[in-house]
Number of protein chains: 2
Amino acid sequence: MTELTFHGLNIGQVEPNDDLVDRIVETAAAEYPLTDGDIVVVTAKVVSFAENRLVEADEVEVTDRDHQVADITGIDPREVAVIYDESEVIGAIPIAEVGEDVLLEHAVDPEAAQEALAEVPAMLVTERNGRLCTNAGVDWSNSPDGMMTLLPEDPDESARRLREGIEAQTGADVAVVLADSEIAGPGSMDLAIGCSGIEAIDNNFGQTDLYGEPKVGGVDLVADELTAGSALLFGQADEQIPVTVVRGLEYEDGEGVPNSGGVVRRGLRKSVQLTARLKAREWF
Amino acid sequence: MTELTFHGLNIGQVEPNDDLVDRIVETAAAEYPLTDGDIVVVTAKVVSFAENRLVEADEVEVTDRDHQVADITGIDPREVAVIYDESEVIGAIPIAEVGEDVLLEHAVDPEAAQEALAEVPAMLVTERNGRLCTNAGVDWSNSPDGMMTLLPEDPDESARRLREGIEAQTGADVAVVLADSEIAGPGSMDLAIGCSGIEAIDNNFGQTDLYGEPKVGGVDLVADELTAGSALLFGQADEQIPVTVVRGLEYEDGEGVPNSGGVVRRGLRKSVQLTARLKAREWF
């Protein structure tokens, strides 16, 4: 295994209730026929569209709580309502205040960028399906006017349905990974939010190193590495490559992205305790 | 741009003071000759070896502070001394206590894994070259017995030297990205710690979406996406593919991974303030 190919599929604009399996299979058949062992990486956005996970903002019921959180964060109260409905809210990041210099430095059009930041000055840190994400993955961008797109209800299940649909139509035994763009440091990167037919994490923890010693490491986030690599081809805005086919990787069979939510929350609390103990020497 | 190829180069074991440019150029010449526009992704570990960034543990001077931090974290006091020398320590994560169930579930050999976790039960969160990392990137694994490997002193500068060396020998105008494995959620992934000849972040913030609206997004961490994809080929343990050549990506010229350290620290403080305001409603 010394070469991987990431092939982008331009499946065109996806509309609500489109049959995504058909679109993927037809586009692939024309330019890059699917074969056993291929990994099909699909952006969550088109899966949400095909599953009709769109919400009309004006039809959302807004409570006092939603208005209060909107006042604190600047997020549209209708979006706040949807985020609380979709997830558990754990914290907030003042994205505009913190990152403005870095983000505007990388703006294609500073005026449009200012407008976008003014519209969404903060983000909520949320837990959904046991995984951390921002704003529960709720997204106005690339959505029809006045609509928000929600993440697929059960991303692992969506991946499984796509995998089985592709196999039924082509006979190819493929894996499917769902990707969603997430904030990471000074920018964003696509991470895996669901998968089927592939083990999301490499099972090599504690493997020995080149010198024969067991090492802390080898828990490669294979599914995230596939989505991150695919993001090099995904159109973030006005391009239309929401699907890649990755060929050449040997991988283990498996289902689902591990639910690490409990670990993350436990980790946050314990990390704060340990850091306080560590810093006590400097602080007191 | 609809297809990318990640080609892994097996350059063999790298020893201190080896000429890494020669090794990369010779291996590539034999199996995958370098050409203009290629991106060469190199693990920091082999760059550190070639730059002789190895420390004999028994020659490290250990202070009272190092013993105290070792008592709190379980990290070898000699490693603590090196970490403080290499970076600013910001906090700690009790990795064994928090992640033991997840990590052992993904262990190739649970007994060896237990041993590895017992040896490194906690990690320090550090800032180095303005970027966050764990344990300042100091690593005992894949190091000769009794030695620790440090990160390259200036990873952007190392990337620049490799890029210029490759161009001098082959005439190929390539980009170079240095990758280091980092803890991310329930596992690890390779991120970019240095680069040359490529803009690390895509400059599309505030670009309009498919519906013509400016969006918060489009700040793709291109260099991190390249290292994450390459990690699918890198040997984490006893394989020897520390270099990939990525072909087919259109990218902007640039130098260096943005130093976001100040933003991250400012962000931490402001996020805590905002979260407290948000949670006050529930907590008080």
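Before going into details, it helps to say that this report is about the structure given with it. (Residues numbered from 1 in each chain as written. Chains lettered and ligands numbered in written order. Predicted model: local features only at pLDDT ≥ 70, side-chain atom pairs only at ≥ 80, totals over all residues. Heavy atoms only, no water.)

**Concerning the overall build of chain A**
Helix and strand counts for chain A stand at nine helices and 10 strands. Total accessible area on chain A is roughly 11300 Å²; 46% of this is exposed by carbon and sulfur atoms. (Helix = DSSP H or I, 4+ residues; strand = E, 2+ residues; numbered from the N terminus. Areas by Shrake-Rupley, 256 points an atom, 1.4 Å probe, with all protein chains shown as cover.)

**Thoughts on the pattern of salt bridges**
Between side chains of opposite charge, a pair can form when the charged atoms approach closely. Scanning the model with the defined rule gives 28 salt bridges over all chains in all. Across the pair Asp58 of chain A and Arg78 of chain A runs a salt bridge, and its minimum N-O distance is 2.6 Å. With Asp58 of chain A in the loop between strand S3 (54-56) and helix H3 (64-73) and Arg78 of chain A in helix H4 (residues 77-86), the pair connects residues that are 20 residues apart, well separated along the chain. Relative accessible area serves as the criterion here: at 67%, Asp58 of chain A is assigned to the exposed category. Under the relative-accessibility criterion, Arg78 of chain A is labelled partly exposed at 24%. The shortest N-O distance in the salt bridge between Arg160 of chain B and Glu157 of chain B comes to 2.6 Å. Of this pair, Arg160 of chain B and Glu157 of chain B both sit in helix H7 (residues 155-170), three residues apart, which is roughly one turn of the helix. (Salt bridge = Lys/Arg side-chain N within 4 Å of Asp/Glu carboxyl O. Buried < 20%, exposed > 50% of the residue type's maximum accessible area, 1.4 Å probe, protein only.)

**Quick word on the sheet that holds strand S5 (residues 123-128) of chain B**
Residues and elements named next belong to chain B. Strands sit in the order S4-S5-S6 across an open sheet of three strands; the sheet is antiparallel. Across the chains shown, the open sheet's two edge strands, defined by having one partner strand only, are strand S4 (88-93) and strand S6 (131-134). Averaged over neighbouring strand pairs, the angle between their axes works out to 25 degrees when direction is ignored. Across five bridges, S4 lies against S5 in antiparallel orientation. Residue pairing across strands places Val89 opposite Thr126, the latter belonging to S5. Relative to S5, helix H4 (residues 77-86) is tilted by about 25 degrees, and along the sheet it contacts S4 and S5. (Pairing = 2+ DSSP bridges. Axes fitted to C-alpha atoms, helices over the stretch in contact; angles between N-to-C directions. Contact = heavy atoms within 4.5 Å.)

**Quick look at the packing of helix H1 (residues 20-31) of chain A against helix H7 (residues 155-170) of chain A**
A pair of packed helices can be characterised by two numbers: the angle between their axes and the separation between those axes. Residues and elements named next belong to chain A. Running from N to C, H1 and H7 cross one another at 50 degrees; their axes reach a closest spacing of 9 Å. Taken as axis vectors, H1 and H7 run oblique relative to one another. The crossing of H1 and H7 is right-handed. Of the residues in H7, those in contact with Leu20, Val21, Asp22, Ile24 and Val25 of H1 are Leu162, Gly165, Ile166, Gln169 and Thr170. Within the contact of H1 with H7, the residues separate by chemical class into six nonpolar, three polar and one charged. (Parallel < 35°, antiparallel > 145°, perpendicular 65-115°, else oblique. Left-handed = near helix turned anticlockwise from the far one by under 90°. Nonpolar A, V, L, I, M, F, W, Y, C, P; charged D, E, K, R; others polar.)

**A closer look at the pairing of strand S1 (residues 3-9) of chain B**
Of all seven residues making up S1 of chain B, six are buried, and the element is well covered by its neighbours. As paired elements, strand S1 (residues 3-9) of chain A and S1 of chain B share five bridges and run antiparallel to each other. Across the sheet, residue Glu3 of chain A finds its bridge partner in S1 of chain B, namely His7 of chain B. Of the strand pairs in this sheet, S1 of chain B and strand S10 (residues 243-247) of chain B are connected by five bridges, and their pairing is antiparallel. Bridge pairing links Leu9 of chain B to Val243 of chain B in S10 of chain B.

**Examining the nonpolar core**
Counting residues in each nonpolar core, the largest one holds 52 residues, and the members touching the most others are Ile39, Val177 and Leu226 of chain A together with Ile39, Val177 and Leu226 of chain B. For Ile39 of chain B, the contacting residues outside a window of four places in its chain are Ala175, Val177, Ile198, Leu226, Thr244, Val245, Val246, Leu249 and Tyr251 of chain B. (Core = buried A, V, L, I, M, F, W, Y, C linked by side-chain atoms within 4.5 Å.)

**Comments concerning unusual backbone geometry**
All names here are of chain B. Of note in the backbone geometry, Asn17 takes a positive phi value of approximately 70 degrees without being a glycine. As for its placement among the helices and strands, Asn17 is situated in the loop between S1 and helix H1 (20-31). With a phi close to 55 degrees, Ala136 is a non-glycine residue in the positive phi region. Mapped onto the fold, Ala136 is located in the loop between S6 and strand S7 (147-149).

**What about the sheet that holds strand S4 (residues 88-93) of chain A?**
All names here are of chain A. Spatially, S4-S5-S6 is the arrangement adopted by the three strands of the open sheet, whose pairing is antiparallel. Every interior strand has two partners, whereas the edge strands, S4 and strand S6 (131-134), have only one. Averaged over all adjacent pairs, the angle separating strand axes in this sheet is 25 degrees, with direction ignored. Against the sheet, H4 engages S4 and strand S5 (123-128), with an angle of about 25 degrees to S5.

**A look at the pairing of strand S8 (residues 175-184) of chain B**
Residue and element names in this part refer to chain B. Within S8, seven of the 10 residues are buried, which leaves it mostly tucked inside the rest of the structure. As defined by bridge partners, strand S2 (residues 39-43) adjoins S8 across five bridges and the pair is classed as parallel. Directly across from Ile39, in S8, lies its bridge partner Ala175. Pairing between S8 and strand S9 (residues 187-196): nine bridges, direction antiparallel. From the neighbouring strand, Val177 faces S9, where its bridge partner is Cys195.

Function cannot be inferred from these measures alone, as they are strictly geometric.
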